[in-house]
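# An overview of the molecular structure
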Amino acid sequence: MLQYFHLQNLPRAFYVILCAILINSLGGFVIPFLALYLTGYRHFSLASTGLIAGSVGLGVFLSGPCGGFLADHFGRRRVLVISMQLAAALTLLFSQMTREPFLMSIGFCLGFFTNLYGPAASAAVADVVPEADLQRAFRLVYWVNNIGFAVAGSLAGFFANKNFQILFFGDALTTLLFAFIVWKYLPESRPEPKENQAKKNVNPFKNKIFVSLFVLMLVAQILVLQATVAFPVDMANHGISAIQYGLMASLNGILIVVLQPLLGTFLNFFSPFLALGIAALLTGIGFAINAFAGTLIFYVITVVFWSIGEVFAGGSNSSIVAKIAPSSHQGRYQGAMAMTYGSAAFLAPIIGSSIMQKFGAPTLWIGCVGLSGAVAVCYFILKNSLSESREPKT
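Quick caveat, the model's predicted, so the values are computed rather than measured. (Residues numbered from 1 in each chain as written. Predicted model: local features only at pLDDT ≥ 70, side-chain atom pairs only at ≥ 80, totals over all residues. Heavy atoms only, no water.)

What follows concerns the overall build of the protein. Of regular secondary structure, the protein possesses 18 helices and zero strands. A globule of 394 residues ought to have a C-alpha radius of gyration of about 21 Å, and the protein, at 20 Å, matches this closely. By its C-alpha atoms, the protein is 60 × 45 × 40 Å across when sized along the principal axes. Of all 394 residues assigned to the protein, the portion counted as buried reaches 54%. Summarising the internal contacts of the protein: among those between residues at least 6 apart in sequence, 87% fall at separations of at least 24. Carbon and sulfur atoms make up 69% of the accessible area of the protein, which amounts to about 16300 Å² in all. Seen as two clouds, the 22 positive and the 13 negative side-chain charges of the protein have centres 3 Å apart. (Helix = DSSP H or I, 4+ residues; strand = E, 2+ residues; numbered from the N terminus. Rg over C-alpha atoms; globule rule 2.2 N^0.38 Å. Buried < 20%, exposed > 50% of the residue type's maximum accessible area, 1.4 Å probe, protein only. Contact = heavy atoms within 4.5 Å. Areas by Shrake-Rupley, 256 points an atom, 1.4 Å probe, with all protein chains shown as cover. Lys, Arg positive; Asp, Glu negative; His and termini not counted. Charge placed at Lys NZ, Arg CZ, Asp CG, Glu CD.)

Right, dumping it as structure tokens:
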């Protein structure tokens, strides 16, 4: 399995980043169980849950460009350490809040600092890894994240059944371990701007490839993130327990961990845009199954479809961005692309919970498959026109 990734001959600094990301993802308990925590443990309505989760998403949205700007100006290492220390403190504070206004305000800060590290970490990978190895490196990051996600899902489901507070303490602990590893072992990697890069290509939204990728990724992320709000609520409405949902979440990670290396040679035949298009289509089909789901086996089939979709997508987006971004502005480009996740994290809970509450879950799931099909077609079109529209990295 490890031979597929060719773990040898990558820089030591990359392995430090990889180790820190793995530890942090092993404790990623809170966000996947946020909807269940708010509706089941704190007894908020779907509408209130959507607003609180949306506040977290708004913080995530702003963290992308801010994190990228800070990483380019003050260094990757400093942003990683400080953001994760603050994220750990806010995680514990959020767990003690019971009123909606406080949960919304602290949730905003939690979403901001928890994800502020993302652009800095991606920029650091792009700094230390040769361009020829970027796709391999980002696949490793994606793979390691899912190893942690698979373990965290099982543990979180078990802990949530005992006491939801355990999730917050465990999440905060692994976040602090991330900060310690980076502070102790990761050197600063931020390059000085080259003279011809000082005023050129600073704004990623003037890059046509970037803008096209940004729009498609935003829509795709809104679809995928229904798994963290609408999906667990729909399962709970059909009598699926928190432990079973946790097992579904871990199954997603396990399938990705197993299938990505096994399908590695096969995936090499697909360009990044084609792989992303196939991923969008598979994800939509998986969610459409939910329109007819009512038992655990249907939800398992859903997870299988979206897991295969994630295997196709794994690492393609980040590697494309790393290749088109100027070296001294990796943080800005990665941070701008992170806005797709932040925007989706803000919009997905509100859209998903509103549609479920007004029109029912089947309407939401059928809409997901239609929209994912449109995204897939756009990826395929972009792939065909890429050779004519691509702007060179300078």
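Having seen the model, we can carry on.
Our next topic: the side chain of T283. Its location among the elements puts T283 in helix 14 (residues 272-288). In this structure the side chain of T283 is engaged in a polar contact, spanning 2.8 Å, whose partner is the backbone oxygen of A279. (Polar contact = N/O pair within 3.5 Å; in protein donor to acceptor, adjacent residues only side chain to side chain.)

Bringing the packing of aromatic side chains into the picture now. Tallying each qualifying case throughout the model produces 14 aromatic pairs. Each member of the aromatic cluster is reached from another via a ring pair, and the members are Y37, F94, F164 and F168. (Phe/Tyr/Trp six-rings, centres within 6.5 Å; stacked < 30°, edge-to-face > 60°.)

Now for helix 5 (residues 76-95). With 20 residues, helix 5 should reach 28 Å at 1.5 Å per residue; the first-to-last C-alpha distance of 29 Å fits that figure. When we look at burial in helix 5, the residues that qualify are R76, V79, L80, V81, S83, M84, A87, A88, L90, T91, F94 and S95. (Expected span 1.5 Å × (residues − 1).)

The subject of this paragraph is a nonpolar patch on the surface. On the surface, a cluster of nonpolar side chains totalling about 340 Å² of accessible area is made up of F180, W183 and Y185. As for its placement among the helices and strands, Y185 is situated in helix 9 (residues 165-185). For Y185, a relative accessible area of 40% translates into the label partly exposed. (Patch = residues over 30% accessible without salt bridge, like charges linked within 9 Å, V, L, I, M, F, W, Y side chains within 5 Å. Salt bridge = Lys/Arg side-chain N within 4 Å of Asp/Glu carboxyl O.)

What follows covers the pattern of salt bridges. All chains considered together, the criterion is met by four salt bridges. The salt bridge involving D127 is made with R76; its shortest N-O contact spans 2.6 Å. Here R76 lies in helix 5 and D127 lies in helix 7 (residues 117-128), a separation of 51 residues in the sequence. With relative accessibility at 22%, the residue D127 sits in the partly exposed group. Overlapping salt bridges, with partners in common, bring together D72, R76, D127 and R332 in one network.

A few words on the state of the cysteines. All told, the structure shown has zero disulfides when counted by the stated rule. Not part of a disulfide, C368 finds its nearest cysteine sulfur in C378, a span of 16 Å. In this structure C368 comes out as buried when scored by relative accessible area, which is 4%. (Disulfide = S-S within 2.5 Å.)

Moving on, we come to the side chain of T175. Its place among the elements puts T175 in helix 9. You can call T175 buried: its relative accessible area is 4%. Not counting residues up to four positions away in its chain, the partners in contact with T175 are N24, M84, A87 and A88.

Here we come to the environment of S353. Here S353 shows up in helix 17 (residues 330-359). Note on S353: relative accessible area 6%, which makes it buried. On a C-alpha basis, the gap between S353 and A47 in space is 6.7 Å, while along the polypeptide they are 306 residues apart. Look past the residues within four positions of S353 in its chain and what remains in contact with it is L46, G50 and A348.

Below, the discussion takes up the nonpolar core. One finds F33, F94, F231 and W365 to be the most contacted residues of the largest nonpolar core, which totals 44 residues. Those residues in contact with W365 that lie beyond four places of it in its chain are Q226, A230, F231, D234, F287, A288, N290 and A291. (Core = buried A, V, L, I, M, F, W, Y, C linked by side-chain atoms within 4.5 Å.)

With that settled, the discussion passes to helix 12 (residues 242-262). Between the first and last C-alpha of helix 12 there are 30 Å, a value that for 21 residues agrees with the 30 Å anticipated at 1.5 Å per step. Among the residues of helix 12, those classed as buried are Y245, G246, M248, A249, S250, N252, G253, L255, I256, V257, Q260 and P261.

Along the chain, N163 falls in the loop between helix 8 (134-162) and helix 9. Among the residues examined, N163 registers a relative accessible area of 32% and is labelled partly exposed. Sequence separation of N163 and L218 is 55 residues, and the distance between their C-alpha atoms is 34 Å. Among the polar contacts listed, one links the side chain of N163 to the backbone nitrogen of Q165, at a separation of 2.9 Å.

Bringing the confidence of the model for the protein into the picture now. In this model, the protein carries an average pLDDT of 83, and 93% of its residues clear a pLDDT of 70 or more. Across residues 388-392, where pLDDT falls below 50, the model places nine contacts with residues more than four positions away in sequence or in other chains. (pLDDT = per-residue confidence, 0-100.)

At a closest axis distance of 8 Å, the pairing of helix 8 and helix 16 (residues 316-324) adopts a crossing angle of 140°. Taken as axis vectors, helix 8 and helix 16 run oblique relative to one another. Of the two possible hands of crossing, helix 8 and helix 16 adopt the one that is right-handed. Note on element contacts: helix 16 touches helix 8 through S316, S318, S319, A322 and K323, opposite L134, Q135 and F138. Its residues placed into classes, the contact of helix 8 with helix 16 shows three nonpolar, four polar and one charged. (Axes fitted to C-alpha atoms, helices over the stretch in contact; angles between N-to-C directions. Parallel < 35°, antiparallel > 145°, perpendicular 65-115°, else oblique. Left-handed = near helix turned anticlockwise from the far one by under 90°. Nonpolar A, V, L, I, M, F, W, Y, C, P; charged D, E, K, R; others polar.)

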